Amino acid sequence: MTSRENGNLWPVISVAAGAFFVLVIMPLVMHRQQNGQMATVDPQVFIGDMGSDAARDRNALLYRWPNSEVPRTAERLRDVTAVAIASITYVVDNSITGHPPHDAGEILLGIARHELIPNEWLTNQPGVLQMPRGTVHLRYSPSNLSVELVSVPNEPGDGPAILIRIPDGEKVSVGARYFESMQLDGIIYPEPFAPISQIIASGWQPRLFKQTQIADTDRAQIEAWSKTVSRK
């Protein structure tokens, strides 16, 4: 890659890295902190003889999330979002040095080598990860340095299919978002990097990362600044 190409690429990469740090990484940190608070319970105080129920009552103090569709979906969303962030970071980092990844398989091997994902998630299929509750397919577009991840549930009880695209170039003013399939059976998976309208027409619904809290005025300033920088 020539120095002129590096000069043209750097503003776009800087904007993408900065925007995703603000819109994705920081909200995820806040989300993890909130989850840490939610997973605690107030201790219970018993007066009198607890008798033979002491061990059972002590066990009741250990909180466990119910094994249902909602927490399973949250777990899958957490994992696929983490893989998305690690993947785009790997793509940007290697592109800056003039060695952009060739395919999705190279990206997953690279982030596994940097210990950003467990090695046991890797499979013999390039670009495919096998997680405890779902299979993640990584799609990669070298032409515009974009990644798209589709999380396919192992079974209906693991929740809907999930799709995340970084960067999300269509209507970015809506905030950081992902897509969920509206049905658990007979899911129609869109073609890689299909237009958002086609994704929605295939039975998917956009969802916002609710922990993202950026004022509309601040978001407008960030978008205006990114457009100005990318034109330089």
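Look up a bit, the structure's there.
Worth saying up front: this structure is predicted, and the values here are computed from it rather than measured. For every chain, the first residue of the written sequence is number 1, and numbering continues from 1 along that sequence. Confidence filtering applies because this is a predicted model: local features only for residues at pLDDT of at least 70, side-chain atom pairs given and counted only at 80 or more, and all residues used for totals across whole chains, interfaces and linings. Water and hydrogen atoms were dropped before computing side-chain values, which therefore reflect all heavy atoms in the structure.

**Q** Would you take a moment to explain helix α3 (residues 69–96) for this structure?
**A** Count 3.6 residues to each turn of an α-helix, and residues three or four apart come out pointing the same way. In DSSP terms, a helix is any run of H or I states spanning at least four residues, a strand is any run of E spanning at least two, and both are numbered starting from the N terminus. Here, expected helix span is obtained from the residue count minus one, scaled by 1.5 Å. Compared with the 40 Å implied by 1.5 Å per residue over 28 residues, the 40 Å span of α3 between its first and last C-alpha is a close match. Looking one or two places after α3, you find glycine 98, whose phi comes out positive at around 85 degrees.

**Q** Sorry, what's going on with the packing of aromatic side chains here?
**A** Think of a pair of aromatic rings as described by two things: how far the centres are apart, and how the planes are tilted against each other in angle. Here a Phe, Tyr or Trp ring, Trp counted by its six-membered ring, pairs with any other such ring whose centre lies within 6.5 Å, and the pair is stacked when the planes are under 30 degrees apart, edge-to-face when over 60, and tilted otherwise. Inspection of every chain in the model, using the stated rule, returns two aromatic pairs. With a centroid separation of 5.0 Å and 55 degrees between ring planes, the pair formed by tyrosine 178 and phenylalanine 209 is classed as tilted. Of this pair, tyrosine 178 sits in strand β5 (residues 177–181) while phenylalanine 209 sits in the loop between β6 (204–208) and α6 (216–230), placing them 31 residues apart in sequence. Note on classification: 1.4 Å probe, protein chains only; a residue is buried when its accessible area is under 20% of the maximum for its type, exposed when over 50%, partly exposed between these limits. Residue class for phenylalanine 209 comes out buried when judged on its relative accessible area of 9%.

**Q** For this particular structure, what's the right way to read the pattern of salt bridges?
**A** When charged atoms on two side chains of opposite charge get close, those side chains can pair. Any Lys or Arg side-chain nitrogen located within 4 Å of an Asp or Glu carboxyl oxygen qualifies as a salt bridge. Throughout the structure, instances matching the rule amount to nine salt bridges. Here the residues in one salt-bridge network are Arg72, Glu75, Arg133, Glu155 and Asp158, joined through shared partners.

**Q** What should I look at first to understand the environment of methionine 182 in this one?
**A** Among the secondary structure elements, methionine 182 is positioned in the loop between β5 and α5 (196–201). On the basis of relative accessible area, methionine 182 is assigned to the exposed category, the value being 52%. Each C-alpha atom, one on methionine 182 and one on isoleucine 200, is 9.5 Å from the other, the two residues being 18 residues apart in sequence. Contacts are assigned to residue pairs that have any heavy atoms within 4.5 Å of one another. With residues up to four places along the chain from it excluded, the contact list for methionine 182 reads Gly203, Trp204, Gln205 and Arg207.

**Q** Got a minute to help me understand the packing of α3 against helix α4 (residues 104–113) in this structure?
**A** Any two packed helices are characterised by how steeply their axes cross, that is the angle between the axes, and by the distance between the axes. Convention adopted: a line fitted to C-alpha atoms gives each axis, helices being fitted over their contacting stretch, and angles between N-to-C directions are expressed from 0 to 180 degrees. For the pair α3 and α4, the least separation of the axes is 9 Å and the interaxial angle reads 100 degrees. Overall, the two elements α3 and α4 adopt an arrangement that is roughly perpendicular. Where α3 abuts α4, its residues Val83, Ala86, Ser87, Tyr90 and Val91 lie against Glu106, Ile107, Leu108, Gly110, Ile111 and Arg113. Amino acid classes used here: Ala, Val, Leu, Ile, Met, Phe, Trp, Tyr, Cys and Pro are nonpolar; Asp, Glu, Lys and Arg are charged; the rest, including Gly, are polar. Across the contact of α3 with α4, the residue classes tally to seven nonpolar, two polar and two charged. If an angle is under 35 degrees, it is roughly parallel; if it is over 145, roughly antiparallel; if it lies from 65 to 115, roughly perpendicular; otherwise it is oblique.

**Q** Looking at this structure, how should I read the pairing of strand β2 (residues 134–141)?
**A** Regular strands have side chains that alternate between both faces of the sheet. Among the eight residues in β2, seven count as buried, and that is most of the element. The pairing of strand β1 (residues 128–131) with β2 spans four bridges and is classified as antiparallel. Looking across to β2, one finds that glutamine 130 is bridged to threonine 135. Two strands pair when backbone bridges link them, and β2 and strand β3 (residues 146–153) are joined in this way by eight bridges, in the antiparallel orientation. Paired with valine 136 across the strands is serine 151, a residue of β3. Connecting β2 to the antiparallel partner β3 that follows it, the hairpin turn spans four residues, and leucine 145 within it adopts a positive phi of roughly 55 degrees. For two strands to count as paired, DSSP must find a minimum of two bridges between them.

**Q** Can you walk me through the nonpolar core in this structure?
**A** The nonpolar side chains of soluble globular proteins are, as a tendency, buried together. Counting 30 residues, the largest nonpolar core has Val83, Leu129, Val147, Leu149 and Ile164 as its most contacted members. The element contributing the most residues to this core is α3, with nine residues. When sequence neighbours within four positions are dropped, the list of residues in contact with valine 83 reads Leu108, Ile111, Ile117, Trp121, Leu129, Met131 and Leu149. Nonpolar cores were defined as sets of buried Ala, Val, Leu, Ile, Met, Phe, Trp, Tyr and Cys residues, with membership established by side-chain atoms within 4.5 Å.

**Q** Would you take a moment to explain α4 for this structure?
**A** In terms of burial, α4 is a largely internal element, seven of the 10 residues being buried. For α4, the complete set of buried residues consists of Ala104, Gly105, Ile107, Leu108, Gly110, Ile111 and Ala112. The secondary structure elements touched by the buried residues of α4 are α3, β1, β2 and β3. In the segment just after α4, glutamate 115 is the residue with positive phi, at about 60 degrees.

**Q** For this particular structure, what's the right way to read the pairing of β5?
**A** Buried residues dominate β5, accounting for five of its five residues. Judged by which residues are buried, β5 turns out to be covered on both faces: Arg177, Phe179 and Ser181 on one side and Tyr178 and Glu180 on the other are all buried. The pairing of strand β4 (residues 162–166) with β5 spans two bridges and is classified as antiparallel. Considered in β5, the bridge of isoleucine 162 is made with glutamate 180.

Note that every value here comes from positions in space, so none of it alone points to a role or purpose.
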